[in-house]
Amino acid sequence: MSKQVPETIKKQVKRSFNSKEVKKEKNEKRMKLLKEIQSKAFKRAEKYEKEYLEQDQKLVELKQKALKEGSFYREPEPKLAFIIRIRGIVGVPPKPRKILQLLRLRRIYSGVFIRLNKSSLRMLHFIDPYVTWGYPDVETVRALIYKRGHARVNHQRKIIDSNEMIYDKLQKYDIVCMEDLVHEIYTVGKNFKHANSFLWAFKLKPPVGGFSTVKKSFVNKGEHGNREQYINTLVKKMI
Amino acid sequence: MTTQQLRPIVSVFPIKGKVKTIKQVPLPSVFSAPIRPDVVRFVHTNMAKNNRQAHAVSTTAGEQTSATSWGTGRAVARIPRVKGSGTGRSGQAAFGNMCRGGRMYAPKKVWRKWHRKINTNQKRYAVCSAIAATAVTPLVMSRGHRVNKLPELPLVVSDQLQSLTKTRQAVKFLKFIGAYRDVEKVIRTKKTRVGQGKYRNRRHVLRKGPMVVYARNLGIKKAFRNIPGVETASVYTLNLLKLAPGSQMGRFIIWTESAFKLLEDIYGSWEKPSKFKSGFYLPRPVMVNTDVERIIKSDQVQTVLRNRRPRSRKYGKKIQRADPYEDMSVMVKLNPYYKTKLQKQKELDEKNKKERKEIVDKSRKEYEDWLYFSEEEEEEEEEGSDEDREIEVLSDEN
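Residues numbered from 1 in each chain as written. Chains lettered and ligands numbered in written order. Predicted model: local features only at pLDDT ≥ 70, side-chain atom pairs only at ≥ 80, totals over all residues. Heavy atoms only, no water.

Draft legend 1. Highlighting the overall build of chain B. Broken down by element type, chain B carries 13 helices and ten strands. In chain B, buried positions account for 34% of the 398 residues. Across chain B, the fraction of contacts at a sequence separation of at least 24, relative to all contacts at a separation of at least 6, is 63%. Of the roughly 26800 Å² of accessible surface on chain B, 50% is carried by carbon and sulfur atoms. (Helix = DSSP H or I, 4+ residues; strand = E, 2+ residues; numbered from the N terminus. Buried < 20%, exposed > 50% of the residue type's maximum accessible area, 1.4 Å probe, protein only. Contact = heavy atoms within 4.5 Å. Areas by Shrake-Rupley, 256 points an atom, 1.4 Å probe, with all protein chains shown as cover.)

Draft legend 2. Molecular detail of the interface of chain A and chain B. Listed by partner, the interface residues are 31 residues for chain A and 26 residues for chain B. When the two sides are added together, the surface that chain A and chain B hide from each other amounts to roughly 2600 Å², 55% of it contributed by carbon and sulfur. Interface area lost by chain A to chain B is led by Arg 15, Tyr 146 and Asp 161 of chain A, which between them contribute 23%. The tally of links from chain A across to chain B stands at four salt bridges. Note that Lys 333 of chain B is salt-bridged to Asp 161 of chain A, the shortest N-O span being 3.9 Å. Along the contact surface separating chain A from chain B lie eleven residue pairs in polar contact (both at pLDDT 80 or more). The set of elements that each furnish at least two residues to the side of chain A that touches chain B consists of helix 1 (7-15), helix 2 (20-69), helix 5 (138-148), strand 5 (156-159), helix 6 (163-170) and helix 7 (178-186) of chain A. In terms of residue count, the dominant contributor to the side of chain A that touches chain B is helix 2 of chain A (seven residues). Taken together, the residues of the side of chain A that touches chain B sort by class into eleven nonpolar, seven polar and 13 charged. (Buried area = accessible area lost by both parts, 1.4 Å probe. Salt bridge = Lys/Arg side-chain N within 4 Å of Asp/Glu carboxyl O. Polar contact = N/O pair within 3.5 Å; in protein donor to acceptor, adjacent residues only side chain to side chain. Nonpolar A, V, L, I, M, F, W, Y, C, P; charged D, E, K, R; others polar.)

Draft legend 3. How the structure looks around a nonpolar patch on the surface. A contiguous nonpolar patch, built from Val 286, Met 287, Val 292, Ile 295 and Ile 296 of chain B and spanning about 450 Å² of accessible area, is present on the exposed surface. Within the secondary structure, Ile 296 of chain B is located in helix 9 (residues 292-297). (Patch = residues over 30% accessible without salt bridge, like charges linked within 9 Å, V, L, I, M, F, W, Y side chains within 5 Å.)

Draft legend 4. The environment of Leu 34 of chain A, seen in detail. Inspection of the secondary structure puts Leu 34 of chain A in helix 2. Spatially, the C-alpha atoms of Leu 34 of chain A and Asn 163 of chain A are 8.2 Å apart, while their sequence positions differ by 129 residues.

Draft legend 5. Looking closely at the sheet that holds strand 5 (residues 155-157) of chain B. Residues and elements named next belong to chain B. Read across the open sheet, the six strands follow the order 2-1-5-10-8-9; overall the sheet is mixed. Each edge of the sheet is formed by a strand with only one pairing partner; in this case those strands are strand 2 (23-26) and strand 9 (231-234). Neighbour-to-neighbour, the strand axes of the sheet open up by a mean angle of 35 degrees, direction not taken into account. Across two bridges, the pairing between strand 1 (residues 9-13) and strand 5 is parallel. Within strand 5, the residue paired with Phe 13 across the bridge is Val 157. (Pairing = 2+ DSSP bridges. Axes fitted to C-alpha atoms, helices over the stretch in contact; angles between N-to-C directions.)

Draft legend 6. Representation of the pattern of salt bridges within the structure. All names here are of chain A. Applying the stated criterion to the full structure yields 24 salt bridges over all chains. As a salt-bridge pair, Arg 142 and Glu 49 come within 2.7 Å of each other at their nearest N and O atoms. Taken together, the residues Arg 142 in helix 5 and Glu 49 in helix 2 connect sequence positions 93 residues apart. Assessed through its relative accessible area of 3%, Arg 142 is described here as buried. According to the relative accessible area criterion, Glu 49 is buried, its value standing at 19%. Lys 63 is paired through a salt bridge with Glu 75; the nearest N and O atoms lie 3.1 Å apart.

Draft legend 7. Inspection of the pairing of strand 2 (residues 110-115) of chain A at higher detail. Residues and elements named next belong to chain A. With five of six residues buried, strand 2 is to be regarded as a mostly interior element. Judged from the five bridges that link them, strand 1 (residues 80-85) and strand 2 form a sheet pairing that is antiparallel. Directly across from Ile 83, in strand 2, lies its bridge partner Val 112. When strand 2 meets strand 6 (residues 202-203), the two strands line up antiparallel, connected through two bridges. Looking at strand 6, one finds that Ser 110 is bridged to Lys 203.

Draft legend 8. The sheet that holds strand 6 of chain A, seen in detail. Residue and element names in this part refer to chain A. Taken together, five strands build an open sheet; the order of strands is 6-2-1-3-7 and the sheet is mixed. The open sheet has two free edges, formed respectively by strand 6 and strand 7 (225-226), since each of these has just one partner strand. Lying on the sheet, helix 4 (residues 118-127) is in contact with strand 1, strand 2 and strand 3 (131-134); it crosses strand 3 at an angle near 145 degrees.

Draft legend 9. Representation of the packing of helix 3 (residues 94-102) of chain A against helix 4 of chain A. Residue and element names in this part refer to chain A. In contact at an axis separation of 9 Å, helix 3 and helix 4 are set at 130 degrees when each is read in the N-to-C sense. Looking at the two axes, helix 3 sits oblique to helix 4. Crossing of helix 3 against helix 4: the hand is left-handed. Counted together, Lys 95, Pro 96, Ile 99, Leu 100 and Leu 102 of helix 3 and Met 123, Phe 126 and Ile 127 of helix 4 form the full contact between these two elements. Partitioned by chemical class, the residues of the contact of helix 3 with helix 4 number seven nonpolar, no polar and one charged. (Parallel < 35°, antiparallel > 145°, perpendicular 65-115°, else oblique. Left-handed = near helix turned anticlockwise from the far one by under 90°.)

Draft legend 10. Here's a closer look at the packing of helix 1 (residues 37-47) of chain B against helix 2 (residues 120-133) of chain B. Residues and elements named next belong to chain B. Where helix 1 meets helix 2, the closest approach of the two axes is 9 Å, and the angle between their N-to-C directions is 120 degrees. By crossing handedness, the relation of helix 1 to helix 2 is classed as left-handed. Here helix 1 contributes Val 39, Val 40, Phe 42, Val 43 and Met 47 to the contact with helix 2, which in turn contributes Gln 122, Lys 123, Tyr 125, Ala 126, Ser 129 and Ala 130.

Draft legend 11. The UniProt feature "coiled-coil region" (unreviewed entry) in chain B, seen in detail. If you check UniProt for "coiled-coil region" (unreviewed entry), the listed places come out as residues 338-365 of chain B in our numbering. Within residues 338-365 of chain B, the helical portion is 100% and the strand portion 0%, while the C-alpha atoms at the span's ends are 40 Å from each other. (UniProt positions renumbered as here; feature names shortened; annotations may be inferred.)

Draft legend 12. Representation of helix 7 of chain A within the structure. Within helix 7 of chain A, nine of the nine residues are buried, leaving the element largely enclosed by the surrounding structure. Phi for Val 188 of chain A, located one or two positions after helix 7 of chain A, is positive at around 45 degrees.

See below:
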């Protein structure tokens, strides 16, 4: 007795988006895409390495040149800051509370990147006692995104485990891989906003070795406020 | 109209001779009316109340005393007590529903609403359902009728049946057509009624047997009158209480040919109204095609549906991933250039190291040369006179 498949099921399978052929086709497409992404990632990473190197060398050159001439080289003001919230949520007045919310610093030891301009500097001024911030270098940005980088996908916090994830969300901004993301953040490019909002706020660990005193500003041998390039060492302790 | 298995043609059987089709008639539309047990139950329960006779308790029952309460302070309950003395009745409680010989709580009145009004259309709906159910063999069987030996259901028989006059003929017919088993069941299960009805002129209880429906009574009524369980009815006045006894649909009915044909006129169809019930069309079912699954799976529906939203199972589960700075494979997946970068770094470091080594070696050599050379100079200096040395000392540009 031959097993007869009901017609409705036959039709359903034919129409189905989960049928074997459709799945196979989809998979092939996906594999092809992944290969493309990885090759792009390779080339762009190479390009960016050169770029960062050139930048550093250029900086040194200009400084030396100025020294020779007997003048000073004024470095461009930093465009990027990394803020870490170092105080808890209890007893925060409304204005700083709102600003911390806007910056996605909703819990202690959370960190975000921020583009520095007049408006954001004013915001930072209000929340100085609750955060410490500074100018991260490439390696810090890289470490944060690689090790602690989580993406906001479907209103969920998902660890970035492949370039495909980045491609899906940020392809339209020409960001397809990790290095692209790092570059966009570090150099505060055209699509910094989208790259930054793709990233969930970083959840860091309390610093190894601890803080001195959060109540004082960094300038006064405390911890809060602007600590410029020393943010890099702090992040290393907190990452 | 419905997806019921329709029997558009029904055979008409003779009343004696051989059980074979003498004619074929179309099935009237009533038999395709929706079978609604809920409607039938509702109508039946209300219709059954309509043949009730009023009963009540006497208006004076329990009130025929002049009892008065003794009041408080006498160590007895405050219920009214019978006045007087010299008899056991005196001092006994009276009037209350809890008292012996007292009036009942809320004495029954004759003006209780005994009968129920039912909407005419509902009544007709129920009758149509009940008639439709008589053609459905499983329903008739589940009602308890013995219909295994019947040639067909609905059972339609020639009009000669209407002219029968003798009970013997009627019984012979029932045996001939195979309906007598149902009658036998009735006879077999005749019992004395359980309960007090037995001495209230309702002594025996009988099952319901076949019902014979005729168009004209030419003696049929009397012929079937004495057969236990069998009822006759005119097709013009079909009673729901008989079609669905106990609101259980599926009475075994034997139709005469003209009665059967008249059903089309009496109950009409969905296109043509009834000729006898003004403005009445057969009830429509709520769903014509009840196979919902099939409708959903049909091409007409499926081709119009939008695509199922793809569940991005990629990100469904919580993704665990090692630290890229500890696990090289994870790092390379995220940054395919990393290995090359390390290699280049290594090469650069080596190159720098080499260069540095060269510079260091060179300068060390120079220093050693200078040392060696200066040692020679010192030796030469020591060989000269003191005077010369003095002059040399003075001539130094310090």
